[in-house]
Amino acid sequence: MSDTRPADQVTEAFEAQRDRLRAVAHRMLGSHADAEDVVQEAWLRLSRQDATSIHNLSGWLTTVVGRISLDVLRSRQARPEASYGDGLPEFVVTLDDGPVPEEDAVLADSVGVALLVVLDSLGPSERLAFVLHDLFAVPFGEIGRILGKSTAAAKMLASRARRKVQQIERPTGVGREQREVVRAFLAAARHGDFEELLRVLDPEVKLTADTPTGTVVALGATRVAAGARLSASASAAAQGRAVRVNGLPGFVAWSEDGTPLSLLAFTVVDGRITDIRIVTDPAALGRMDLPEPA
């Protein structure tokens, strides 16, 4: 940047980068709100910086956004009870009335949500290396500098993350198979069939529940199955409908007076449920555009 560049040109240059920076931060954090906060913090740091010392604004901003996002991820890891819920993906809920000719049209959305789910399971350094290199073509040398590691170490982190992500880059059976697995899970939960619940749950299934009192995370088929039985018995009077949640199979339950009680979203891989997202917080449900009860 030239020594004579005025402040309004710096602002203009930043605004030209804003959408890309927001996309980087969103892939890193899985939350639009957190991504906006990170981009705003990057702007504040730029405004305090001597612009004449920045020779590559795009690279400088990517580095800053990457480091801020890394700090957020590490903070979440250290205090999951306080921050995990902030990373829940935004839910777009539509009715699911069965297979339709446009089944493939929602495939990209399904991949996008499944990718966020898998990214959420990566360590902060793995996630940053994969997102910056594979999704935004940032060189490994620059990624290594953000992480405080060598170029070779950055490559290894990205490679390890890539192996974990590959399973959701070739999704199949988004329609009927996933619906049948979810239907079997809901029926087993309703009837208290513990063995059937274990059959449809992946042994390492992860359940994340956004509740009125905070975020609860349960890991493993035994814990999730036990919780599903108890939840179903406690809400036996509820009515529900099958829905799509960002293209994935889901379910909405309402009370008898039509008040939404819960939203469930499922990720199904190889015939088993690997991830369940549940929202029971009335405030969160109230912000969603949910379909009407049947």
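Quick caveat, the model's predicted, so the values are computed rather than measured.

A. Inspection of the packing of aromatic side chains at higher detail. Tallied over the entire structure, the rule returns two aromatic pairs. Aromatic side chains Phe 14 and Trp 43 sit 5.1 Å apart centroid to centroid with 45° between the ring planes, which places their arrangement in the tilted category. Of this pair, Phe 14 sits in helix α1 (residues 7-29) while Trp 43 sits in helix α2 (residues 32-47), and the two are 29 residues apart along the sequence. Residue classification places Trp 43 among the partly exposed positions, given a relative accessible area of 22%. Both rings, one in Phe 185 and one in Phe 266, keep their centres 5.4 Å apart while their planes meet at 65°; by these two values the pair is edge-to-face. You can see Phe 185 sitting in helix α9 (residues 176-191) and its partner Phe 266 sitting in strand β6 (residues 260-269), a full 81 residues away along the chain.

B. A look at the nonpolar core. Counting 39 residues, the largest nonpolar core has Met 28, Leu 46, Val 65, Leu 128, Leu 132 and Ile 143 as its most contacted members. Ranked by residues supplied to this core, first place goes to α1 with eight residues. When residues no more than four places from it in sequence are discounted, the contact partners of Val 65 are Leu 21, Val 24, Ala 25, Val 38 and Ala 42. Residues Phe 185, Leu 186, Ala 228 and Ile 278 belong to the second largest nonpolar core, which totals 26 residues.

C. A look at the packing of helix α7 (residues 140-147) against helix α8 (residues 151-165). Where α7 contacts α8, the two axes come as close as 8 Å, and the packing angle between them is 95°. Of the possible angle classes, the one that applies to α7 and α8 is roughly perpendicular. Only Thr 151, Ala 154, Lys 155, Leu 157, Ala 158 and Arg 162 of α8 make contact with α7, whose side of the interface consists of Phe 140, Gly 141, Ile 143, Gly 144 and Leu 147. Residue composition of the contact of α7 with α8, grouped by class: six nonpolar, three polar and two charged.

D. Region of the structure containing unusual backbone geometry. Phi at Ala 137 takes a positive value of approximately 55°, unusual for a residue other than glycine. The residue Ala 137 is located in the loop between α6 (124-135) and α7 in this model. Here Asp 270, not a glycine, exhibits a phi torsion of approximately 55°, which is positive. Structurally, the position occupied by Asp 270 is in the loop between β6 and β7 (272-279).

Parameters at a glance
Residues numbered from 1 in each chain as written. Predicted model: local features only at pLDDT ≥ 70, side-chain atom pairs only at ≥ 80, totals over all residues. Heavy atoms only, no water. Phe/Tyr/Trp six-rings, centres within 6.5 Å; stacked < 30°, edge-to-face > 60°. Helix = DSSP H or I, 4+ residues; strand = E, 2+ residues; numbered from the N terminus. Buried < 20%, exposed > 50% of the residue type's maximum accessible area, 1.4 Å probe, protein only. Core = buried A, V, L, I, M, F, W, Y, C linked by side-chain atoms within 4.5 Å. Contact = heavy atoms within 4.5 Å. Axes fitted to C-alpha atoms, helices over the stretch in contact; angles between N-to-C directions. Parallel < 35°, antiparallel > 145°, perpendicular 65-115°, else oblique. Nonpolar A, V, L, I, M, F, W, Y, C, P; charged D, E, K, R; others polar.

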